[in-house]
Amino acid sequence: MTGAAGEAGAKRVGAFEPLRVPVFRRIWSASVVANFGQLILGVAAAWEMTRLTPDPGMVALVQTALMLPLMLVAVPAGALADMFDRRRIAITGLFVSIACAVTLTLLARAGYTSPAILLVFCFLIGTGVALYTPAWQASIPEQVDTHQLPAAIAMGSISYNVARSVGPALGGLIVLAAGATAAFATNAVCYLPLLLAFFLWRRRHTPSRLPPERIDRAIVSGARYAIHSDPIRTVFIRAFLFGAVGATTTALAPLVARDLLHGDASTYGLLLGAGGVGAVTGALMVGRVRDLLGTERATKLLAIVSGLALLVVGFSHSLVLTCLALFVAGGGNILTIALFNISVQLAAPRWVTARALSLFTSALTGGIAIGAWAWGVAASVWSVDTAILASGVALLLLPLLSLLLPLPEANHGGVETVGIGSEPEVALALTLRSGPIVIEVDYRVDPDDARGFYDAMLKVQRARLRNGGFDWSLSRDIADPTLWTERYHCPTWSDYLRLRDRLSQADIEIQLTADAYILAGEEKQVRRRLERPFGSVRWKPDSPDPQQDTIGYVTP
């Protein structure tokens, strides 16, 4: 279901309706358990760090170590999830996390933990999580119907926050009762149900007619799509800044428990649990808030609410009042993140969804990781309460960013790829590696329509660039003002075929808008050329030419 009908259907979908789909229900339920393990690890590692060192900066670095892989590894992980079977990529990431969690448990049991070892293994476990997360998120549209997608995305956020509402408190109790080693072992065990759920999922993997891109080119093509897509680029910037200024909510929570509330590990767990309950409450309201306020107004309001909540945390010395403030902040944070996530998923076509989501994750968690470090330094230089108050003020000012970077209201219509009925005519012997391929398109336009045509072609430019074209240009014949020539190139023949396969309905409509300016009775002329730089053809008649003598044309 797409377009207006799809939007209407999305409004009628209940928050829990995606759980009626068996595959989604199994994976989602197992993800809750895995998130329990991840949060127990975070509590245990942070509290263990307070035992190993009194430096607030080192305590805050635990959050950085857990989040940094999501910034560094998520991008190649997203590329792999788009290139290969997402189920297998998710399984591989879970194996990495389990192996590293078991190793950390054994080291802790042997008494070899130190601040450096703790940070390294938090980073490695986070690396496995970063590998499976884009594959899981990108596979959600394969598990539910299109009209259920916003609710399913919100359920993905609830998955983490259901665990967050109880997991930190449980982690604190495990640390108090049995020590950090038992918490590390619990973390390893909690990944097993999700590994089994992905293993049992019989995903229908439809291979592309073209071979997978090289990993470096896949990363570049995903990044170029995001850069040249206005909605996605705006969400990335806003998510990074939101994560950075609001990172104190979790990064300094151990210090709030210890220094402001004079509590222990169970107090820390209660604080994170309060934030988690708020986050679950907020996630259940995603659809209603989005329909009532729209994405832009909702995110501005939520930033103000979260900022005020942090001001309360900074001034409070009461456990009850701090928990209430973190409840509000948790709801505001997860609502904002879910709205950003929905905007990305609805604005990205299927061929680049995992990469777009991984870049979104990288932007958000990169902001959190950098913000956690910065606020940790601020807490060391000033004080814990001053750092939290500064973070709250920064969140209150964040809505001003909407004046420069407003969020568009994204919908799923028009982003899915559509087939092109015709195939390019080819007489040369080409392989998928032949290139560069130069494409030139001639348009004849009435000079009186020059301004409108030029503006329409600027939109065509963005479509070409985000789908894989390079060096786009538009020129006008100085002897014939009606003649315009669009020119761009693709590195190889396979890149050009991929560009054609990536065209969405929205791209087609952009092209049709530009074509509407063509003079009556005229047709645009398309030329596709193989660029042959000096030295690529034989310089003597009897010299062998590999392109002509040994390689045949590969049918696209």
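Okay, so let's go over this structure. (Residues numbered from 1 in each chain as written. Predicted model: local features only at pLDDT ≥ 70, side-chain atom pairs only at ≥ 80, totals over all residues. Heavy atoms only, no water.)

Each helix and strand counted, the chain has 23 helices and four strands in total. The long-range fraction of contacts in the chain, counting pairs at least 24 apart against all pairs at least 6 apart in sequence, stands at 85%. For the chain, the accessible surface area stands at approximately 23700 Å², while carbon and sulfur atoms represent 63% of it. (Helix = DSSP H or I, 4+ residues; strand = E, 2+ residues; numbered from the N terminus. Contact = heavy atoms within 4.5 Å. Areas by Shrake-Rupley, 256 points an atom, 1.4 Å probe, with all protein chains shown as cover.)

Turning next to the pattern of salt bridges. The tally for this structure, following the rule as stated, stands at 16 salt bridges. With a shortest N-O distance of 3.4 Å, R529 and E440 are connected by a salt bridge. Of this pair, R529 sits in strand 4 (residues 525–530) while E440 is found in strand 1 (residues 437–444), placing the two residues 89 residues apart along the sequence. For E440, a relative accessible area of 13% corresponds to the buried category. The closest approach of N and O atoms between R451 and D455, which form a salt bridge, is 3.7 Å. Linking R451 with D455, this pair stays in helix 20 (residues 450–467), spanning four residues, or about one helical turn. Among the charged side chains, a network of salt bridges with common partners joins E440, D442, R487, R527 and R529. (Salt bridge = Lys/Arg side-chain N within 4 Å of Asp/Glu carboxyl O. Buried < 20%, exposed > 50% of the residue type's maximum accessible area, 1.4 Å probe, protein only.)

Once that is clear, we can look at the sheet that holds strand 3 (residues 483–490). Across the sheet, which stays open at both edges, the four strands sit in the order 2-3-1-4 with antiparallel pairing between neighbours. Only two strands of the sheet have a single partner each, and these edge strands are strand 2 (470–476) and strand 4. Strand-to-strand twist of the sheet, defined as the mean angle between neighbouring strand axes without regard to direction, takes the value 15 degrees. Of the strand pairs in this sheet, strand 2 and strand 3 are connected by five bridges, and their pairing is antiparallel. For L474, the partnering residue across the bridge sits in strand 3 and is E486. Where helix 20 meets the sheet, its contacts fall on strand 1, strand 2 and strand 3, and the angle it forms with strand 2 comes to roughly 165 degrees. (Pairing = 2+ DSSP bridges. Axes fitted to C-alpha atoms, helices over the stretch in contact; angles between N-to-C directions.)

Below, the discussion takes up unusual backbone geometry. Of the consecutive residues G435 and P436, the connecting peptide bond is found in the cis state with omega at 0 degrees. Structurally, P436 is set in the loop between helix 19 (384–397) and strand 1. Of note, the phi angle at H262 is positive, near 55 degrees, even though the residue is not glycine. Since its relative accessible area comes to 67%, H262 is described here as exposed. Residue D471 is not a glycine yet carries a positive backbone phi of 50 degrees.

Attention now goes to the packing of aromatic side chains. All told, the structure shown has six aromatic pairs when counted by the stated rule. Between F453 and W484, the ring centres sit 5.3 Å apart and the planes meet at 65 degrees, which makes this aromatic pair edge-to-face. One end of the pair, F453, is in helix 20; the other, W484, is in strand 3, and 31 residues separate them in sequence. The burial state of F453 is the same as that of W484; both residues are buried. By way of ring pairs, the aromatic residues Y443, F453, W484 and Y517 are connected into one cluster. Over the ring of F470 we find R224, and its NZ or CZ is 3.9 Å from the ring centre. It is R502 that lies over the ring of W351; its NZ or CZ is 4.0 Å from the centre. (Phe/Tyr/Trp six-rings, centres within 6.5 Å; stacked < 30°, edge-to-face > 60°. Lys NZ or Arg CZ within 6 Å of the ring centre and 35° of its normal.)

At their nearest, the axes of helix 6 (residues 115–143) and helix 18 (residues 353–381) sit 9 Å apart, and the two run at 125 degrees to each other. Looking at the two axes, helix 6 sits oblique to helix 18. As helix 6 packs across helix 18, the resulting crossing turns out to be right-handed. For the pair formed by helix 6 and helix 18, the contact residues are P134, Q137 and A138 on the first element and T353, A354, L357, S358 and T361 on the second. (Parallel < 35°, antiparallel > 145°, perpendicular 65-115°, else oblique. Left-handed = near helix turned anticlockwise from the far one by under 90°.)

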